[in-house]
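What follows is the residue order along each chain.
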Amino acid sequence: MSPDPSAADASAAGASAVPYPTAFFGHPRGLATLFFTEFWERFSYYGMRSLLILFMTAGVAGGGLGFTTARAGAVYGFYTGAAYLMCLPGGWLADRLLGQRRAVLLGGIVIAAGNFSLAVRGLPTFFLGLVLVAFGTGLLKPNVSTMVGDLYPDDRARRDAGFSIFYMGINLGAFLAPLVCGWLGERVDWHWAFVAAGAGMLVGVAQYSLGAKYLGKAGLLPHPAVAAQPGDARASGAGTGEGRRAWRPLAGLGGLIALLVVLVVRGILAPASAAIVGLALIYFVYQITAGGLDRSEIRRMLVIFVLFVFSALFWSGYEQAGSSLNLFAERLTNRNVAGFQMPASMLQSVNPIFTIAFAPVFAWIWVWLGRRNPSSPTKFALGLLFMALGFAIMVGASLASVGHAVVGGSLVPRLVSPWWLVLTYFFHTCGELCLSPVGLSTVTKLAPHRKVSQMMGIWFLALSLGNIIGGEIAGHFEDFPLYRIFSTVALVTGAAGIVLFMLVRPLRSLIGGAE
């Protein structure tokens, strides 16, 4: 993992710190509470993600929605993107009003309600469910990650290890979800899969409530540095002029999200992507010019911005797993295993299996390298190159699938071995392990602690942008030869990795002693 957080971050967190019992593999007992909260949230999220585009493109007679691939790709991309876009207001609400503890609880409840809405047949409840799950994810996801960092106020050496364990919870949930929800959806009934996802989230909410006593004061209230700021709604009263001004950013963001919904419903995705880029730019420019940051904080904010851009490129490729690669598994992959026709969504469990298996290997490699341990920007560049290699494999798979085979005297699409996808997911997993956990840890190190939840929200905005771009790419699944789509993604992510390698030295100088 990446090196230690700054002393400033540690001291800021220490203001609300209490001694924590270390009963979870030598880590604070509260980590177990957050581990299983994220486990069940990811079970819920990846359960529906594994079959969402398949459900939308399935015929109405088969219980699906009968969407075209282009429309399904647009809805899929915007939904998965919105789930991370909502992390921005979710972080804002936690920093200003709720605290991380209550934001996570409320988010879990809303996610469960959204999944149960998806289980009800009909387009209105379908879209309502997507909105609720996206909003609930925005409340839960950035704030549970922030609370993990708060468990290590004075033990910087173990924070990265704690995030690695936490990341295992994400992948255990992601591994089980397609096996359970995917099988229910494709073999029993689509809507029972959504019921299972909602039930899993309720289990997560229950254990989070019961395990809250182990969290000490982590996430219980917004940080004092935020509470004391002029214009804070809690400090000056929501009814005062300053209180109303504190709500203006959230109201403006709500208007932007409403505009994005209208654009996507009308199938206009390019402006939606541009709006998210504009939002991120406005936020970073505001923080750098008028956010009350000192010089070292501004330098680190610039690093986060650069990594944000490359992170979005990475996720635009990675999130093809649930869209274009999922469709490839359904339509062009031979899934017959010893006479058992494996549901296409089950292949979504391959990436988490690799993550669980190789996360300890990567962690050992970073420790073994010692002083030669690559910097965070270097690991990001490696992640992009692994992503490019994975899509290069898919170029070969798509070429192998060209044409038709004769089966029983009839022409059928030529099906390829699932090992093409397995090898692709292996390289994507290597890229993910270089980038994703390192990214979470880097934000908690580089962001000013009084703004860490907001910065987590901005960080997840990169995933939002990547998901929307990825959905747009998947929408062209039937419009262009697949080898052209996959080769384009490979070239773009590979070029981005090379460019980032050239930026490593100036970025390290901006980071300074924070790494």
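An account of the accompanying structure is given in this report. (Residues numbered from 1 in each chain as written. Predicted model: local features only at pLDDT ≥ 70, side-chain atom pairs only at ≥ 80, totals over all residues. Heavy atoms only, no water.)

A look at the nonpolar core
- Counting residues in hydrophobic clusters, the biggest one holds 129 residues, and the most contacted among them are Leu34, Met56, Phe126, Phe328, Met455 and Phe486.
- With 13 residues, the top contributor of residues to this core is helix α2 (residues 30–57).
- Setting aside chain neighbours within four positions, we find Met56 in contact with Leu65, Gly66, Phe67, Ala72, Val75, Tyr76 and Phe126. (Core = buried A, V, L, I, M, F, W, Y, C linked by side-chain atoms within 4.5 Å. Buried < 20%, exposed > 50% of the residue type's maximum accessible area, 1.4 Å probe, protein only. Helix = DSSP H or I, 4+ residues; strand = E, 2+ residues; numbered from the N terminus. Contact = heavy atoms within 4.5 Å.)

Examining empty space enclosed by the protein
- One pass over the full model with this rule turns up two cavities of 30 Å³ or more.
- Reported here for the largest cavity is a volume of approximately 310 Å³.
- Lining the largest cavity are 27 residues, and of these Tyr46, Tyr167, Ile170, Trp315 and Glu432 lie nearest its centre.
- Listed by contribution, the elements that provide at least two residues to the lining of the largest cavity are α2, α7 (159–188), α13 (295–318), α15 (350–369), α17 (419–446) and α18 (452–474).
- In the lining of the largest cavity, the residues fall into 16 nonpolar, six polar and five charged. (1 Å grid on protein atoms, 1.4 Å probe; cavity = no way out; pocket = protein on both sides within 12 Å on 5 of 7 lines; lining within 4 Å. Points joined across faces, edges and corners; volume = space filled by probe spheres on them. Nonpolar A, V, L, I, M, F, W, Y, C, P; charged D, E, K, R; others polar.)

Things to note about the packing of aromatic side chains
- Evaluation of the coordinates by the stated rule reveals 22 aromatic pairs.
- The interplanar angle of 85° and the centroid separation of 5.0 Å between the aromatic rings of Phe314 and Trp315 together place this pair among those described as edge-to-face. The pair formed by Phe314 and Trp315 is uniform in burial state, with each residue classed as buried.
- Ring centres 5.5 Å apart and planes at 70° place the aromatic pair Phe358 and Phe426 in the edge-to-face group. A residue pair is termed long-range when its members are at least 10 positions apart, and Phe358 in helix α15 and Phe426 in helix α17 qualify at 68 residues.
- Classification of Phe426 as partly exposed rests on a relative accessible area of 23%.
- Taken together, the aromatic side chains of Phe35, Phe36, Phe39, Trp40 and Phe43 make up a single cluster linked through ring pairs. (Phe/Tyr/Trp six-rings, centres within 6.5 Å; stacked < 30°, edge-to-face > 60°.)

Structural notes on the pattern of salt bridges
- The final tally for this structure, using the stated rule, is five salt bridges.
- Ionic pairing is found between Glu319 and Arg49, a salt bridge with its closest N-O pair at 3.0 Å. Within this pair, whereas Glu319 is found in the loop between α13 and α14 (324–332), its partner Arg49 is found in helix α2, the two being separated by 270 residues in sequence. In terms of burial, Glu319 and Arg49 fall into one category: buried. (Salt bridge = Lys/Arg side-chain N within 4 Å of Asp/Glu carboxyl O.)

As for the packing of helix α3 (residues 69–85) against helix α4 (residues 87–98)
- The interhelical angle for the contact between α3 and α4, taken along N-to-C directions, is 20°, at an axis separation of 5 Å. The angle between α3 and α4 places the two elements in the roughly parallel class. Judged by residue contacts, Ala83, Tyr84 and Leu85 of α3 engage Cys87, Leu88 and Pro89 from α4.
- Classifying every residue of the contact of α3 with α4 by side-chain character gives six nonpolar, no polar and no charged. (Axes fitted to C-alpha atoms, helices over the stretch in contact; angles between N-to-C directions. Parallel < 35°, antiparallel > 145°, perpendicular 65-115°, else oblique.)

Focus on a nonpolar patch on the surface
- The grouping of Ile498, Val499, Met502 and Leu503 at the surface amounts to a nonpolar patch, some 360 Å² of accessible area in total.
- Position of Leu503 among the secondary structure elements: in helix α19 (residues 482–511).
- Its relative accessible area of 31% is what places Leu503 among the partly exposed residues. (Patch = residues over 30% accessible without salt bridge, like charges linked within 9 Å, V, L, I, M, F, W, Y side chains within 5 Å. Areas by Shrake-Rupley, 256 points an atom, 1.4 Å probe, with all protein chains shown as cover.)

Points about the environment of Ser311
- Structurally, the position occupied by Ser311 is in helix α13.
- The spacing of Ser311 and Leu463 is 152 residues in sequence and 7.4 Å in space, taken between C-alpha atoms.
- Contact partners of Ser311, with chain neighbours within four places excluded, come to Phe380, Leu435, Trp459 and Ala462.

A closer look at α4
- For α4, built from twelve residues, the straight-helix expectation of 16 Å at 1.5 Å per residue is missed by more than 12%, its first-to-last C-alpha distance being only 14 Å.
- Following α4 by one or two positions, Gly99 adopts a phi angle in the positive range, close to 85°. (Expected span 1.5 Å × (residues − 1).)

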